[in-house]
Every structure is written in C-alpha cells, then in structure tokens.
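Understanding the architecture of this molecule
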Amino acid sequence: MIYICAMQIIDTHNHIYLPEFDADRDEAVSRAADAGVRKIMMPNIDSSSIEPMLTAEERYPGICLPMMALHPTSVRGNYRDELDAAEAALLNHKYYGIGETGIDLYWDKTFIKEQVISFRRHLELAEEHKLPVVIHARESLELIIDEIRAFGTGRVKGVFHAFPGNASDARRVTEMGFMIGIGGVVTFRNEKQSEAAIAAGVSNIVLETDAPYLAPVPFRGKRNEAVYLTYVIDKLSEILAISPVEVGDRTTDNAMRLFNL
Ligand SMILES: [Zn+2]
C-alpha cells in the first residue's frame, strides 16, 4: 500500500500520555509516523494528567500537542479546584485547544449541574484564549447544542469528538460552525455514523482515535493507537467515495485550520 507513505494524517484526539502506552510509547509514535501521522493532539483529563501529557510533548516535540480542560467524567465535588488548575495551566504554557470538555450523562448523572457549569466555563475559556473547543457529548447532544446556542453560536468553534449524532445532527452542528470527529466507531457497521459523515461532508470532518479507547475493526476491544487511523481512512474513503489520500489530505487541512497549526 504505497499511498500510505504519501498520506498526511492528523490524529485530533489521542490520550497517548496514559499508562496504557508506558511500555511502547516510542514505538506507537514511530508506527504512526511511518503511516503518515504528522500530529497527535492530546486532550487533557484533569490536574493529574497534565504532567504526563507535557512530558509526552517534550519527548515528541512538534508531534504530540497538548490541549487543556477538565474532562466531564472528572467533574466532581472538587471541580472548582480542578477548573482553577486548568485555567492556571492555560496561562503557563501553549495549548492548542480547550479539550476535552462537554457533558457525560452516560456514566453518572450525579454532577450534571456541575458538568453544565464546567462546560459553560470552558466555552468562555475557548473564547478568551481564541482556541477551539473539543467536546465530549455522551447522551447529552441536545443539552450541549442548547448550551452553545445560549452562549452564542459564532463566539466559539470546535469539534464534537466521537460524534454521537445522526445525519440531521451532523447538519445542525456543522451549520453552527463545528466539525465532527470520526474514529474507530465508523468501522463498527455503524449506519448512523456513516450517514452523519456523509451529511457533514469531508470539509467538516477531522480524524481521531480516542486512543487507547475505541479501536477500529479488526482491533475492536483492543488498545487503540494512532496507526490504526488507516482503517478509519479506508472506511471513510468507501463511505464518501473519495480516495484514501484525499480523506487524509482533506481532514488534515481541516484539523490545521481548526487548531491553527
Ligand atoms: Zn477522549
């Protein structure tokens, strides 16, 4: 597969700093580079993941790029302190996005009120720092769309990571100026996500792994890593009826514009 070498790929969502990669992080980065992955964007989780994330940036400069936020599943009683830590970090270092933030009503609804407050604060931070927002919307797409509308469409741009919606949802969020993140899920015989990708169109799609999670077929259930984006690209090439190289190039252009790379 010669086209792989010419490919330009950006993984816009990869937690490569997590312990799942401690044994072979160097190899995972070089496997990705061999397949054409030029950048690996790293979404933060909470105050404890900042240091390992910045260590990964130091080890792979210009390749692994950090983002900053408090993950919605990490919003608990101490979320004010956690938000303070994220805000302080933003003043001390260059970050490429506000991520990942959002609302997760799948795992736990205990802190729904706090999750909403936290998401609103992240929208403000995205505007203040002129950064795109990386949104985790699990069982919460309507609520998130309402919050963005209330905040003001046009004040922020960003991506709905692991896009959970259907074709009409994809049209709604792209009309608001947002992109959709497509990863391994699209290979799961997932009609809904294929239709969402077609509705969004290649000019509104960025690629992502969400590594170590959500590995594509044929690695479903195993640890995910950036090199597996080639399987996502092949699937998108089939769905969108364009060549794999074009999927890589167009989604890379989108990511470079979105994250100002
Ligand atoms: Zn994630």
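Residues numbered from 1 in each chain as written. Predicted model: local features only at pLDDT ≥ 70, side-chain atom pairs only at ≥ 80, totals over all residues.

1. So, the overall build of the chain
What the chain contains, in helices and strands, is 10 helices and eight strands. In summary, the chain has a C-alpha radius of gyration of 17 Å against a globular reference of 18 Å for 261 residues, a match within 12%. Principal-axis analysis of the C-alpha atoms places the extent of the chain at approximately 50 × 40 × 30 Å. A total of 261 residues make up the chain; the buried ones form 48% of that total. Considering only contacts within the chain whose residues lie at least 6 apart along the sequence, 73% involve residues at least 24 apart. (Helix = DSSP H or I, 4+ residues; strand = E, 2+ residues; numbered from the N terminus. Rg over C-alpha atoms; globule rule 2.2 N^0.38 Å. Buried ≥ 20, exposed ≤ 12 C-beta atoms within 10 Å, placed from the backbone. Contact = placed C-beta atoms within 7 Å.)

2. Here's the deal with the sheet that holds strand β7 (residues 178-182)
Read from one edge of the open sheet, five strands run β4-β5-β6-β7-β8, paired in parallel fashion. For this open sheet the edge positions go to β4 (98-104) and β8 (205-207), each flanked by a neighbour on one side alone. Direction aside, neighbouring strands of the sheet carry axes that sit 30° apart on average. Alignment of strand β5 (residues 133-138) against strand β6 (residues 158-161), held across four bridges, turns out to be parallel. When the sheet's bridge partners are listed, V133 is paired in β6 with G158. (Pairing = 2+ DSSP bridges. Axes fitted to C-alpha atoms, helices over the stretch in contact; angles between N-to-C directions.)

3. Concerning the packing of helix α7 (residues 167-175) against helix α8 (residues 191-200)
Running from N to C, α7 and α8 point in directions that differ by 35°, and their axes come no closer than 7 Å. In the crossing of α7 with α8, the sense of the turn from one axis to the other is right-handed. Within the contact between the two elements, α7 uses A167, D169, A170, R171 and T174 and α8 uses E195, A196, I198, A199 and A200. Of the residues contributing to the contact of α7 with α8, the split by class is six nonpolar, one polar and three charged. (Left-handed = near helix turned anticlockwise from the far one by under 90°. Nonpolar A, V, L, I, M, F, W, Y, C, P; charged D, E, K, R; others polar.)

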